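# A closer look at the structure
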Amino acid sequence: MGSGPSSETAVFALDPFVGEVPLRDDDVLFEEMLTARIGAKHVSVTDEVLENLCAQLEANDRQTHNFQKLLRVVLRKAREVHALPASAHTDDSASAAANTLFVSRIFLRYLIQSATAVEGLRDAHMQLPGEVVDDEDGGLMGELFRVCVDLLVDLPHGQHTASLLTEACLLCQTLLCVQMFCPLSETPVALLASTLCSAHRADRLAHALIRHHIYSPAPAPAGEDAGISATADTGANGGGKARQWGLLPAVLYLPRTLFSLLFTTGGPSTPPPTLHSASLCLLLVLAQDLPRELQLVAGGARTLVAESMALLEDDMAAHTAGTSSTRFGGGGNGGGDGGGGDGDDLELHGGGFSPESFALAISFPSLFDALCAQLPLEAEVLLLYHLLHTNTRFLRYVLSRADVDLLLLPLLRGVYETAAAKAPPPARMYMLLIVLLILSQDRAIMDVAFSTSVARVPWFRERILAPISIGSLAVCALCRLVNANLNTSARRDPYVSTNCLASLANMAPSLKELHPHAAQSLVSLYGRLRKRHAKLGTRVALALHEPLGRAGGTTVVAALAEVRAEQDSALELASTLLETINAALSDGLSRNVQLVYAVLERQELFALPHPAEIADVLANISVVISFFAPRVAAVGSSLPSGALPTTAPEAAASDAAAHHHSRTAQEAMTALEAAAADWTPSLLSPMPELRFSYEQEPDAEEFFTPYLWALVAEVMSLVDTSRCEQEEPGEIYEA
């Protein structure tokens, strides 16, 4: 591709550029260097030769200023490509332009990550001696960012331009990463304001990035039998080794020791980033919650790109409203001129092209399908969260879909996999649970979930759940995650358990025809929480009688306060789950005979001494037990009892026992169904409806900023996972 030298010798074309001799802006060596095949398809970013060349440039550029001159050449060439008509774009022209962006990106990221705070100020502006830099424009960095934005917005989407658009995304990410490598107090605010807060075509950029993400070929989804490793071991999209060090520190810059770990690829075997992933990562970075130092500059906590995402409209809805429309961008996945194809679905709506009046629209069905096809990958979950949380139009569209299985099944698979992992990334669990909590707030979509069944769930390995409703599967997955979260003190996270039970509580009015395993999971989890509460109560009693002289009064008091806090948390969780069971029985007992069966099977749990806080709810459950237990006993057989199996061998033994008691269980269910016809809902005391909603904290950037950059570095294969050290996760805000 192109007329330059082969990839084996291409990097040596950079020798004069990094040397001690200053080059002129019109030097022919720039042309030779930029026509060499040094693009991401041909050269690994971590190539030892490139690393040495970067080091030479850093040492010599203070005298030669060759890099600043290179950026001017890059700007000129990018503008030339931008000015070409769509029909003039060829592999050679696009590849040459992509090569120029690649070369500048490699040297730029090296200078950014290795410069001191003072040097970073100069290198970020990229000025030549004697130049006066306009801080409001961000110098050469701001100018380069705006040129890349123009390319991303205006270039047709097609095979010829894919590599150029990908490099434009990656170069923008490199420009934005300044905030990671030095505190904002040492970085000119205008520098980030000219990129992260840039008003330059921000609304069109948001829609262009979404378009590139939707209509670019996506990586092949992991196979059904790939299990947990399908998302845990993939360097491009999964949560593998790069996630072992958890969240980056909850600050806006990285420790100096991690400089060399960022913005490197995993080696020659790592495939270069695709436009599909690069556009998504850039979109997420540009939509991040702004640091406090930039909120005054931007006039709020959100960037203009984030505001555009919040105003995104469905193109069909815009047509229905009768707005005028003009094709925007064009292009498809193929074709030399980028014409035709799915890219034509992106349209410009409104009365004219003035910045004050136009609004962009895109196909919500295409966006929905693209998201569902790649869930539960972390970047896709994060994009889904942003859209559901900020864009009410997209939220309403998602909630109106009848095929909720496309969305809920991959999300539930993500919940299942995090529960199965020995050390699941906390942030991934949080985002999955937040999305499920947002969806559970809608009664209609939960009703559809409990009315829609799937024939098989191959990734659920503990037992065969077929057929099962998606709602019942959600109950199983959430209860399983709470159990896994309670298994060890090292993993115990109250945020996880609280959000799981909040989603279950929101589902309670929709519960119907529960799968037997889902009903047993609810009751068994309640029993475990009550047992934990009692155990912690015993520890409190022992601590109160322990002499203070053994470990010191301060230590004992602190330990006692911690145990009491855990006990209160266990009681709160048990109370929430008990209210969920009560709500399901109060709203539709005749639809939840399996849940009644599970309650009767473990009725001893509800007869235990109980705290006053749950007395009223337990009284309702006792009424249900008193009504149905005699009628079941009248069939002449006792219910099979025993703990809910938790492992595959136990499940097999349980299945054998169930087969032995099949006639008894069937008789019991027949008796329950007959008794349910005589049940009077007024026997239960009315309880206030328990509903939970998600609200983002004002300081959400303390979680999202480090998590987002860690995720972007991983998805873009920018972290050398073999060299990462274990880091403590950042603090998570309360929802």
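Given the structure is predicted, the values throughout are model-derived calculations rather than measurements. (Residues numbered from 1 in each chain as written. Predicted model: local features only at pLDDT ≥ 70, side-chain atom pairs only at ≥ 80, totals over all residues. Heavy atoms only, no water.)

### Remarks on the overall build of the chain
Each helix and strand in the chain was counted, giving 32 helices and 6 strands. A burial count over the chain gives 54% of its 735 residues as buried. Contacts in the chain between residues far apart in sequence, at least 24 positions, make up 80% of those at least 6 positions apart. Within the structure as shown, the chain displays about 30,100 Å² of accessible surface, and the carbon and sulfur contribution to it stands at 54%. (Helix = DSSP H or I, 4+ residues; strand = E, 2+ residues; numbered from the N terminus. Buried < 20%, exposed > 50% of the residue type's maximum accessible area, 1.4 Å probe, protein only. Contact = heavy atoms within 4.5 Å. Areas by Shrake-Rupley, 256 points an atom, 1.4 Å probe, with all protein chains shown as cover.)

### Some words on helix H24 (residues 470–487)
For H24, which comprises 18 residues, the first-to-last C-alpha distance of 26 Å matches the rise-based estimate of 26 Å (1.5 Å per residue) to within 8%. In terms of residue burial, H24 counts as a mostly covered element, since 16 of its 18 residues are buried. (Expected span 1.5 Å × (residues − 1).)

### Things to note about the packing of helix H9 (residues 162–176) against helix H14 (residues 275–286)
Contact geometry for H9 and H14: axes closest at 9 Å, N-to-C directions at 30 degrees. In terms of orientation, H9 and H14 fall into the roughly parallel class. Handedness of the crossing formed by H9 with H14: left-handed. Contact residues: H9 offers Ala-162, Leu-165, Thr-166, Cys-169, Leu-170, Cys-172, Gln-173 and Leu-176, while H14 offers Leu-275, Ala-278, Ser-279, Cys-281, Leu-282, Val-285 and Leu-286. Classifying every residue of the contact of H9 with H14 gives 12 nonpolar, 3 polar and no charged. (Axes fitted to C-alpha atoms, helices over the stretch in contact; angles between N-to-C directions. Parallel < 35°, antiparallel > 145°, perpendicular 65-115°, else oblique. Left-handed = near helix turned anticlockwise from the far one by under 90°. Nonpolar A, V, L, I, M, F, W, Y, C, P; charged D, E, K, R; others polar.)

### Some points on the packing of aromatic side chains
Counted under the stated rule, the structure contains 17 aromatic pairs. Taking 5.5 Å as the distance between ring centres and 20 degrees as the angle between the ring planes, the aromatic pair formed by Phe-703 and Tyr-707 counts as stacked. Residue Phe-703 and its partner Tyr-707 are both found in helix H32 (residues 701–715); the two are separated by 4 residues, about one turn of the helix. You can call Tyr-707 buried: its relative accessible area is 0%. Among the aromatic residues, those joined into a ring-pair cluster are Tyr-385, Tyr-430, Tyr-495, Tyr-694, Phe-703, Phe-704 and Tyr-707. (Phe/Tyr/Trp six-rings, centres within 6.5 Å; stacked < 30°, edge-to-face > 60°.)

### Observations regarding the nonpolar core
Within the largest apolar cluster, 199 residues are counted, with the highest numbers of intra-cluster contacts made by Leu-411, Phe-606 and Phe-628. Beyond its immediate chain neighbours, meaning those up to four positions away, Leu-411 contacts Leu-375, Val-381, Leu-384, Leu-432, Val-435, Leu-436 and Leu-439. If you look at the next biggest cluster of nonpolar residues, it comprises 5 residues, including Leu-536, Val-540, Val-563 and Ala-570. (Core = buried A, V, L, I, M, F, W, Y, C linked by side-chain atoms within 4.5 Å.)

### Considering helix H28 (residues 593–601)
Buried residues dominate H28, accounting for 8 of its 9 residues. Every buried residue of H28 is accounted for by Val-593, Leu-595, Val-596, Tyr-597, Ala-598, Val-599, Leu-600 and Glu-601.

### As for the environment of Leu-589
Tracing the chain through its elements places Leu-589 in the loop between helix H27 (553–588) and H28. The buried category is assigned to Leu-589, whose relative accessible area is 3%. Once the C-alpha coordinates of Leu-589 and Trp-679 are considered, the two residues, 90 residues apart in sequence, prove to be 8.3 Å apart. Not counting chain neighbours up to four residues away, the residues in contact with Leu-589 comprise Ala-584, Val-596, Val-624, Phe-628, Ala-676 and Trp-679.

### Topic: the pattern of salt bridges
Any two side chains of opposite charge can pair, on the condition that their charged atoms come close. For the structure on display, the rule yields 13 salt bridges. Here Arg-79 and Glu-143 are joined by a salt bridge, their closest N and O atoms 2.6 Å apart. Within this pair, whereas Arg-79 is found in helix H5 (residues 66–83), its partner Glu-143 is found in helix H8 (residues 139–154), the two being separated by 64 residues in sequence. Given the relative accessible area of 40%, Arg-79 is considered partly exposed. The closest approach of N and O atoms between Asp-369 and Arg-401, which form a salt bridge, is 3.8 Å. Taken together, the residues Asp-369 in helix H18 (residues 364–374) and Arg-401 in the loop between helix H20 (392–400) and helix H21 (405–420) connect sequence positions 32 residues apart. Taking relative accessible area as the criterion, Asp-369 reaches 39% and is therefore assigned partly exposed. One connected set of salt bridges, linked through shared partners, spans Asp-150, Asp-154 and Arg-201. (Salt bridge = Lys/Arg side-chain N within 4 Å of Asp/Glu carboxyl O.)

### Considering the side chain of Ser-216
Along the chain, the position of Ser-216 falls in the loop between helix H12 (202–215) and helix H13 (229–232). Within the structure, the side chain of Ser-216 is placed 2.4 Å from the backbone oxygen of His-212, a separation counted as a polar contact. (Polar contact = N/O pair within 3.5 Å; in protein donor to acceptor, adjacent residues only side chain to side chain.)

### Comments concerning the environment of Asn-99
Within the secondary structure layout, Asn-99 lies in helix H6 (residues 91–114). Judged by relative accessible area, Asn-99 falls into the buried class, the value being 4%. Remark: the alpha-carbon pair of Asn-99 and Leu-164, spanning 65 residues in sequence, is separated by 8.0 Å.

### Focus on the side chain of Thr-418
The topology assignment puts Thr-418 in helix H21. Since its relative accessible area comes to 1%, Thr-418 is described here as buried. Separated by 2.8 Å, the side chain of Thr-418 and the backbone oxygen of Val-415 make a polar contact.

### Let's talk about unusual backbone geometry
Note the cis peptide between Leu-375 and Pro-376, where omega equals 10 degrees. Relative to the assigned elements, Pro-376 resides in the loop between H18 and helix H19 (378–390). For His-65, which is not glycine, the phi dihedral falls at a positive 55 degrees. Mapped onto the elements of the fold, His-65 is located in the loop between helix H4 (48–64) and H5. The class for His-65 is buried, based on a relative accessible area of 16%. Positive phi, close to 50 degrees, is recorded for Glu-513, a residue that is not glycine.

### Structural notes on the confidence of the model for the chain
Averaged over all residues, the pLDDT of the chain equals 73, while 67% of them reach at least 70. Across residues 637–652, where pLDDT falls below 50, the model places 29 contacts with residues more than four positions away in sequence or in other chains. A low-confidence stretch, residues 658–663 (pLDDT under 50), is modelled with 1 contact involving residues beyond four sequence positions or located in other chains. (pLDDT = per-residue confidence, 0-100.)

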